[in-house]
Amino acid sequence: MQQTTEAPLRKRTHNLAHDLVTKLSQSILLGQLKPGEKLPSEGAIVREHGVSRTVVREAISKLQASGLVETRHGIGTFVLEQTGEQGLRLNVDTAAGVRGILELRLGLETQAAALAAQRRSEQQLQQMRQALDDYQRLLSSNDSCAEADRRFHLLIAEATQNSCFVEIMQHLGSSMIPRTRVNVAERGQADLGKLAQLANFEHEAIFNAIRRQDPDAARAAMWLHLTNSRDRFGAGS
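Read on for an overview of the structure. (Residues numbered from 1 in each chain as written. Predicted model: local features only at pLDDT ≥ 70, side-chain atom pairs only at ≥ 80, totals over all residues. Heavy atoms only, no water.)

Another point: the overall build of the protein chain. Helix and strand counts for the protein chain stand at 10 helices and two strands. From first element to last, N terminus to C terminus, the protein chain shows the α and β order α-α-α-β-β-α-α-α-α-α-α-α. For the protein chain, the residues scored as buried account for 44% of the 237 residues in total. Counting every atom, the protein chain has about 12300 Å² of accessible surface; 51% of that belongs to carbon and sulfur. (Helix = DSSP H or I, 4+ residues; strand = E, 2+ residues; numbered from the N terminus. Buried < 20%, exposed > 50% of the residue type's maximum accessible area, 1.4 Å probe, protein only. Areas by Shrake-Rupley, 256 points an atom, 1.4 Å probe, with all protein chains shown as cover.)

Two faces make up the sheet, and in a regular strand the side chains alternate between them. Note: strand β1 (residues 69-72) against strand β2 (residues 76-79), four bridges, orientation antiparallel. If you follow E70 over to β2, its bridge partner there is F78. Here β1 folds back onto β2, and the loop between the two strands holds three residues, one of which, G74, carries a positive phi near 85 degrees. (Pairing = 2+ DSSP bridges.)

So, on to unusual backbone geometry. One non-glycine residue with positive phi stands out, namely Q161, at about 60 degrees. Counting through the fold element by element, Q161 comes out in the loop between α6 (146-159) and α7 (163-172). Its identity as a non-glycine residue notwithstanding, Q213 has a phi of 60 degrees, on the positive side.

Right, let's talk about the packing of α6 against α7 for a bit. As a packed pair, α6 and α7 sit with axes 7 Å apart at the nearest point and diverge in direction by 155 degrees. Here α6 lies roughly antiparallel to α7, going by the angle between them. Contact with α6, carried on its side by H153, L154, A157 and E158, involves F165, V166 and M169 of α7 and no other residues of that element. Here the residues of the contact of α6 with α7 are counted per class, giving five nonpolar, one polar and one charged. (Axes fitted to C-alpha atoms, helices over the stretch in contact; angles between N-to-C directions. Parallel < 35°, antiparallel > 145°, perpendicular 65-115°, else oblique. Contact = heavy atoms within 4.5 Å. Nonpolar A, V, L, I, M, F, W, Y, C, P; charged D, E, K, R; others polar.)

Turning next to the side chain of T160. Here T160 shows up in the loop between α6 and α7. In terms of polar contacts, T160 uses its side chain to reach the backbone amide nitrogen of N162, at 3.1 Å. (Polar contact = N/O pair within 3.5 Å; in protein donor to acceptor, adjacent residues only side chain to side chain.)

Attention shifts here to the nonpolar core. Among the nonpolar cores identified, the biggest contains 32 residues, and M128, F152, I156, I206 and I210 are the most heavily contacted of them. Listed by contribution, the elements that provide at least two residues to this core are α4 (95-119), α5 (122-140), α6, α7, α9 (192-211) and α10 (215-236). For this core, the leading source of residues is α4, giving eight residues. If you look at the next biggest cluster of nonpolar residues, it comprises 17 residues, including L24, V51, V55 and L63. (Core = buried A, V, L, I, M, F, W, Y, C linked by side-chain atoms within 4.5 Å.)

We now examine the environment of R211. Following the sequence through the fold, R211 ends up in helix α9. By relative accessible area, which is 39% here, R211 ends up partly exposed. For the pair R211 and A117, spaced 94 residues apart in sequence, the C-alpha separation works out to 6.8 Å.

Relative to the helices and strands, R151 is located in helix α6. On a C-alpha basis, the gap between R151 and L132 in space is 9.0 Å, while along the polypeptide they are 19 residues apart.

Considered as a void within the structure, the second largest pocket measures approximately 260 Å³ in volume. Surrounding the second largest pocket, 15 residues form its lining, K23, Q26, S27, Q32 and E158 being those nearest its centre. Those elements giving two or more residues to the lining of the second largest pocket turn out to be α1 (2-29), α2 (42-49) and α5. Residue contributions to the lining of the second largest pocket peak at four residues, all from α1. Of the residues in the lining of the second largest pocket, the class split is four nonpolar, eight polar and three charged. (1 Å grid on protein atoms, 1.4 Å probe; cavity = no way out; pocket = protein on both sides within 12 Å on 5 of 7 lines; lining within 4 Å. Points joined across faces, edges and corners; volume = space filled by probe spheres on them.)

Its 14 residues give α6 an end-to-end C-alpha distance of 20 Å, which sits within 8% of 20 Å, the value for a rise of 1.5 Å per residue. Within α6, 12 of the 14 residues are buried, which leaves it mostly tucked inside the rest of the structure. Every buried residue of α6 is accounted for by A146, A148, D149, R151, F152, H153, L154, L155, I156, A157, E158 and A159. Once α6 finishes, Q161 follows within two positions and takes phi at roughly 60 degrees, a positive value. (Expected span 1.5 Å × (residues − 1).)

A full pass over the atoms with the stated rule returns 11 salt bridges. Between E122 and R120 there is a salt bridge, and its shortest N-O distance comes to 2.7 Å. For E122, a relative accessible area of 49% translates into the label partly exposed. What makes R120 buried here is its relative accessible area of 9%. Several salt bridges share partner residues, and in doing so they unite D134, R137, E147 and R151 into one network. (Salt bridge = Lys/Arg side-chain N within 4 Å of Asp/Glu carboxyl O.)

It is worth stressing that arrangement in space is one thing and function is another; only the former is reported here.
This is how it looks when you write it as structure tokens:
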């Protein structure tokens, strides 16, 4: 009798920990918890998410194993900087490497866009709108818009309501928006400002399809965006 009650309890604890890992990792990936920032205390997480201390400890352990946080004994748990050395080690320092990443993203993000159109919440839609507004503002002032670009694509992954998409995008890390890391010789005549503006027009088409909850249009818009991005680098190299 004792075994039949303990097994469901362990399973429930594991599921709650998995859900908490998903929530915390998304907060880190979307920049709501920034590198170097201290996570809330164990007690604060318990109160905020309505879980036990056992669940919190298991979740923190999983975040540590994935390289998202580190615990400093007696001080607390801190968000780690996500560098190119973490996650998948992908070559994004050449135009050919960028095209390879874009081909990989074609398979992943076209489906993500379709699912996001079906499952997104109003809050997620507002966050996507904010990311695109930030992108345009930064572009207009000649600042780097790579962070806003990455945030927009991560929000689409989050809106699938499938943590696998978010985790894969997490492993891509800074490789997801690699265009600024390609050296001048490899870029050839490619104008990064012009490329970014063209990309933003395509972002708006993706956003509008997700807003209308039209999965076919969202899939097509994402496909067009990523194939155009790949081809623009092909022409510029």
